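So the chains spell out like this:
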Amino acid sequence: MSLVLDPAAQNLLFREARTANTFTDEPVTDEQVQAIYDLVKYGPTAFNQTPLRITLVRSPEARERLVKHMAEGNQAKTAAAPLVAILSADNEFHEELPALLPHFPQAKDMFFAERPAREQSALLNAALQAAYFIVGVRAAGLAAGPMTGLDFAGLQKEFLDDDHTPLMVVNIGKPGEDAWFPRSPRLAFDEVVTTV
């Protein structure tokens, strides 16, 4: 194969990765979340921006507030997951650009002075970072259950502010019994790739 990553790591991170629907009771520690973030923060983004924000929902009260915003089919698994993370995009990410892009600090005002440009860039790059986060959860030996079946407006009002756009909710933990649905098909190379 022409991949550098060994086959076991390829399987762990990609081929065996599926959305987990059940989890064991084993807790997910702050140290595990820190290790995940310390790995995935290096994933490339445009202008080295880091708009992703992660809200860990740990307290029973916060979990109850979150579950009411989930679609009916996602409520029970969100209530039972060892850890739940709300992933959002910070639309004011540009304030950090002078520190994150020291060789081009004027990018903050040159490209992101207007809110619509920031929102578009934050959404794209935070979604990219969310994908890195999900792969990082797998790298930590845990399973992820990313979900977009929820009331986004209600979630934003309950947990975020007008400067943060919710992207998804991710259940995290060790996979439980019958955690996986059967693998769904994927498109083949020639259905996706075009050479011009």
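All figures in this text were calculated on a predicted structure; none of them were measured in a lab. (Residues numbered from 1 in each chain as written. Predicted model: local features only at pLDDT ≥ 70, side-chain atom pairs only at ≥ 80, totals over all residues. Heavy atoms only, no water.)

> With reference to specific residues and values, describe the overall build of the protein chain.
Helix and strand counts for the protein chain come out as nine helices and four strands. The C-alpha radius of gyration of the protein chain comes to 18 Å, within 12% of the 16 Å expected for a compact globule of 196 residues. With the C-alpha coordinates aligned to their principal axes, the bounding extent of the protein chain is approximately 50 × 50 × 35 Å. Here the protein chain holds 196 residues, and the buried ones make up 39% of them. Taking the intrachain contacts of the protein chain between residues at least 6 apart in sequence as the baseline, contacts between residues at least 24 apart amount to 79%. Taken as a whole, the protein chain presents about 11,300 Å² of accessible surface, with 58% of it coming from carbon and sulfur. Distance between charge centroids for the protein chain: 3 Å, based on 17 positive and 26 negative side chains. (Helix = DSSP H or I, 4+ residues; strand = E, 2+ residues; numbered from the N terminus. Rg over C-alpha atoms; globule rule 2.2 N^0.38 Å. Buried < 20%, exposed > 50% of the residue type's maximum accessible area, 1.4 Å probe, protein only. Contact = heavy atoms within 4.5 Å. Areas by Shrake-Rupley, 256 points an atom, 1.4 Å probe, with all protein chains shown as cover. Lys, Arg positive; Asp, Glu negative; His and termini not counted. Charge placed at Lys NZ, Arg CZ, Asp CG, Glu CD.)

> So what about unusual backbone geometry? Which residues, and what values?
Phi at Asn48 takes a positive value of approximately 55°, unusual for a residue other than glycine. For Asn48, the position within the fold is in the loop between α2 (30-40) and β1 (52-57). You can call Asn48 partly exposed: its relative accessible area is 38%.

> Before we move on, could you go through the environment of Ala153 and cite the residues and values that matter?
Position of Ala153 among the secondary structure elements: in helix α8 (residues 152-159). Placed 122 residues apart in sequence, Ala153 and Glu31 show a C-alpha to C-alpha distance of 31 Å.

> Any chance you could break down the pairing of strand β2 (residues 83-90) for me, citing the residues and the numbers?
Burial of β2 is extensive: eight of the eight residues sit out of reach of the surface. Side-chain alternation along β2 places Leu83, Ala85, Leu87 and Ala89 on one buried face and Val84, Ile86, Ser88 and Asp90 on a second face that is also buried. Two elements, β2 and strand β4 (residues 164-173), share eight bridges in a ladder whose sense is antiparallel. In the strand pairing of β4, Leu87 is matched with Met168. (Pairing = 2+ DSSP bridges.)

These results come straight from atomic positions and should not be treated as a statement about function.
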